[in-house]
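Examining the three-dimensional arrangement
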Amino acid sequence: MTEKIGIVGAGIVGLAVARELARTRGAEVTVLDKEHQVGVHQTGHNSGVVHAGLYYPPGSLKAKLCREGVAMLRAYCAEHGLPYREVGKLVIASGRHERPRLAALAERARENGVPGVAELDALALREIEPHAVGVAAVHSPHTAIADFPAVARRLALDVAELGGSVRLAHPVRAIRERGGKVEVLAAKRVLAFDRLVVCAGLGTDAVAAMAGDPGEVRIVPFRGEYYALAGSAKDLVRGLIYPVPDPRYPFLGVHLTRHIDGEVLVGPNAVLALAYEGYTWGRIGNARQILTWPGTLRMARKHWRTGVKEVYGSLVKREFLAAARRYVPALTAADLERTTGGVRAQAVARDGSLVDDFVIDVRGRLVLVRNAPSPGATSSLAIARHIAGVVPAPTR
Ligand SMILES: Cc1cc2nc3c(=O)[nH]c(=O)nc-3n(C[C@H](O)[C@H](O)[C@H](O)COP(=O)(O)OP(=O)(O)OC[C@H]3O[C@@H](n4cnc5c(N)ncnc54)[C@H](O)[C@@H]3O)c2cc1C
C-alpha cells in the first residue's frame with residue numbers, strides 16, 4: 001500500500017520535504033497550509049541570500065545542510081530556469097577591535113569548505129564594493145541571491161507532478177493518533193496519514209501542542225524590519241555587505257543586500273514581537289504564550305541592553321541609517337524608505353538561550369521541525385533530504 005504522508009506548512013521547507021518524500025519514497029504526500037498562497041510567511045519575507053556557510057559551527061547541522069543546500073539549490077534553479085546570481089558577499093570589520101572576530105570567521109568559513117574565501121584589506125575591499133569602507137573584510141565570491149518564493153512555487157508544482165497535493169486554506173486545527181494513523185483536522189475534514197511532518201515555522205508551537213508534544217524549546221518571534229534604498233542610492237551597493245556578526249546572537253546584524261528584483265534592502269534588525277505573525281508593532285495577539293515561556297524572560301534578562309537598542313533602532317530611523325552608514329557612508333536619510341519586513345521563528349530554550357542549530361525531532365509517526373531559521377531557505381533542499389533519511393521506512 002502507498003505510504004501517505006501529511007506535511008503541515010507550504011513554506012520552502014515543507015514543500016521541499018513533500019517533494020523529496022514523493023520523489024525518493026514514492027509516498028503520497030499532502031501539504032496543508034492555512035494561507036491562500038505558498039511561501040507567505042518566512043519564505044516570502046527574508047533577505048533572499050543563499051548563504052555560503054561562513055558562520056556556522058563546523059559539524060553543526062546548519063554547517064552541513066547549508067553547504068549541501070547551496071549546491072542543491074543552485075542545481076535546482078538551473079534546472080528550472082529560476083534566478084540565481086552569485087553577487088558575492090563582503091563581511092566588513094569597521095574597526096580594528098573587530099579584526100580578531102573577522103579572522104576567526106575566515107577560518108571557520110574555510111573549515112566549512114566555503115570556496116573562494118579571501119581576506120581583504122581596506123583598499124582591496126573597495127575594489128569589490130567601491131562605496132564601502134572598513135579596516136578589513138572577508139570576501140565570499142560565491143554567496144548568491146535567489147528568489148525563494150519562486151523556488152517554493154516551483155516545488156509546489158513538482159509535488160503536484162509527483163501525484164501529491166498542496167491544499168491551501170487548510171489550517172490544521174487538531175491532531176490525534178488513532179489506529180496506527182495520524183488524523184489531522186483541517187478545513188472541517190479529517191485526513192488520515194501514516195506519518196506527519198510539521199514544518200509550520202511561526203506556527204510550530206501551536207501544531208506541536210495539538211500533537212501533544214510541546215517539546216523542550218519554544219518559538220519566539222523576532223521581527224526583522226527593512227528599509228529599501230531609493231533611486232540612485234541603489235548603485236552604492238553591488239552585492240551583499242554584512243557586518244562582523246556578534247557571536248552571542250544567531251542574527252547577522254543589519255546588512256545591505258541586493259535582491260533579485262534589483263532592490264537593495266537595509267536590514268533586518270531583530271525586535272522581539274508579541275505575536276507569532278507580528279509583522280507590525282500593533283500586533284500583540286500571542287503575548288501570553290510568548291511571555292509565559294520561562295526562556296523568553298530569561299533571554300530578555302540576559303540581553304536587555306541589546307533588546308532596548310533594537311527597539312530604539314526600530315522606532316528611530318536615524319539609528320538604522322547609522323548602522324548602514326558604518327559600511328556605506330554616502331547614504332543619507334532620504335535614501336532609506338521603509339518597506340515590509342519579516343518575522344523569524346527562532347527557538348528559545350527554557351534557560352533563555354537562543355537555539356543556534358536546526359532542530360528536527362522524530363517522535364514515532366511525527367517529525368517536528370522545531371527550529372529552521374536562517375539559513376533555512378538556503379538549506380531547504382538539504383533539510384528535506386535529511387528528513388527523508390531520518391523518517392523511519394514504512395513497515396509492510
Ligand atoms: C527577516 C528574515 C531574513 C531571513 N533571511 C534569510 C536569508 O537571507 N537566507 C536564508 O537562507 N534564510 C533566511 N531567513 C530564514 C528563512 O526565511 C527560513 O529559514 C525559511 O523560510 C523557513 O521556511 P519554512 O518553510 O520552515 O517556514 P515558513 O516559510 O514560515 O512556512 C511555514 C508555513 O506553515 C504554515 N502554517 C503555520 N501554522 C499552520 C497551521 N496550523 N496549519 C496550516 N499551516 C500552518 C504557515 O502559513 C507557513 O506558510 C530569513 C528569515 C527572516 C524572517
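The structure contained in this document is the topic of the report that follows.

Calculation notes
Residues numbered from 1 in each chain as written. Predicted model: local features only at pLDDT ≥ 70, side-chain atom pairs only at ≥ 80, totals over all residues. Heavy atoms only, no water. Near = heavy atom within 4 Å. Polar contact = N/O pair within 3.5 Å; in protein donor to acceptor, adjacent residues only side chain to side chain. Areas by Shrake-Rupley, 256 points an atom, 1.4 Å probe, with all protein chains shown as cover. Helix = DSSP H or I, 4+ residues; strand = E, 2+ residues; numbered from the N terminus. Nonpolar A, V, L, I, M, F, W, Y, C, P; charged D, E, K, R; others polar. Core = buried A, V, L, I, M, F, W, Y, C linked by side-chain atoms within 4.5 Å. Buried < 20%, exposed > 50% of the residue type's maximum accessible area, 1.4 Å probe, protein only. Contact = heavy atoms within 4.5 Å. Patch = residues over 30% accessible without salt bridge, like charges linked within 9 Å, V, L, I, M, F, W, Y side chains within 5 Å. Salt bridge = Lys/Arg side-chain N within 4 Å of Asp/Glu carboxyl O. Expected span 1.5 Å × (residues − 1). Axes fitted to C-alpha atoms, helices over the stretch in contact; angles between N-to-C directions. Parallel < 35°, antiparallel > 145°, perpendicular 65-115°, else oblique.

1. Focus on the site of the ligand
Inspection of the region around the ligand gives 38 residues, with Asp-33, Thr-43, Val-49, Ala-372 and Thr-378 positioned closest. The backbone of Pro-373 places a nitrogen or oxygen atom 3.4 Å from an oxygen atom of the ligand. Within the complex, 97% of the 1,000 Å² of free accessible area of the ligand lies under protein. Elements with a contribution of two residues or more to the shell around the ligand: α1 (12-25), β19 (336-349) and α11 (376-390). Its residues placed into classes, the shell around the ligand shows 17 nonpolar, 17 polar and four charged.

2. With respect to the nonpolar core
By size, the foremost hydrophobic cluster in this structure holds 69 residues, and its most contacted members are Ile-7, Val-17, Val-29, Val-91, Val-197 and Ile-387. Beyond its immediate stretch of four places on either side in the chain, Val-197 contacts Ile-5, Gly-6, Ile-7, Val-8, Val-17, Leu-21, Val-367 and Ile-387. Counting 23 residues, the second largest nonpolar core, distinct from the first, contains Ile-241, Ala-324, Tyr-327 and Leu-331.

3. Quick notes on a nonpolar patch on the surface
On the surface, Trp-281, Val-311 and Leu-315 cluster together into a nonpolar patch covering about 290 Å² of accessible area. Along the chain, the position of Val-311 falls in helix α9 (residues 304-315).

4. Things to note about unusual backbone geometry
Here the residue pair Gly-267 and Pro-268 is connected by a cis peptide bond, since its omega of -5° sits within 30 degrees of zero. Relative to the helices and strands, Pro-268 resides in the loop between β17 (264-267) and β18 (271-272). The phi dihedral of Ala-187 falls on the positive side, at around 50°, and the residue is not glycine. Looking at the element boundaries, Ala-187 is found in the loop between β11 (181-186) and β12 (189-193). Residue class for Ala-187 comes out partly exposed when judged on its relative accessible area of 35%.

5. Regarding helix α5 (residues 148-161)
In this model, α5 (14 residues) spans 20 Å end to end at C-alpha, consistent with the 20 Å of a helix rising 1.5 Å per residue. Looking at α5, one finds that the buried residues are Phe-148, Ala-150, Val-151, Ala-152, Arg-154, Leu-155, Ala-156, Asp-158 and Val-159. Just beyond α5, the residue with positive phi is Gly-163, at close to 90°.

6. A look at the packing of helix α2 (residues 61-80) against α11
α11 packs onto α2 with a crossing angle of 110° between their chain directions and a minimal axis gap of 6 Å. It follows that α2 is roughly perpendicular to α11 by the angle criterion. Across the interface between the two elements, Leu-61, Leu-65, Cys-66, Glu-68, Gly-69, Val-70, Met-72, Leu-73 and Tyr-76 from α2 touch Thr-378, Ser-379, Leu-381, Ala-382, Ile-383, Arg-385 and His-386 from α11. For the contact of α2 with α11, the per-class residue count stands at 10 nonpolar, four polar and two charged.

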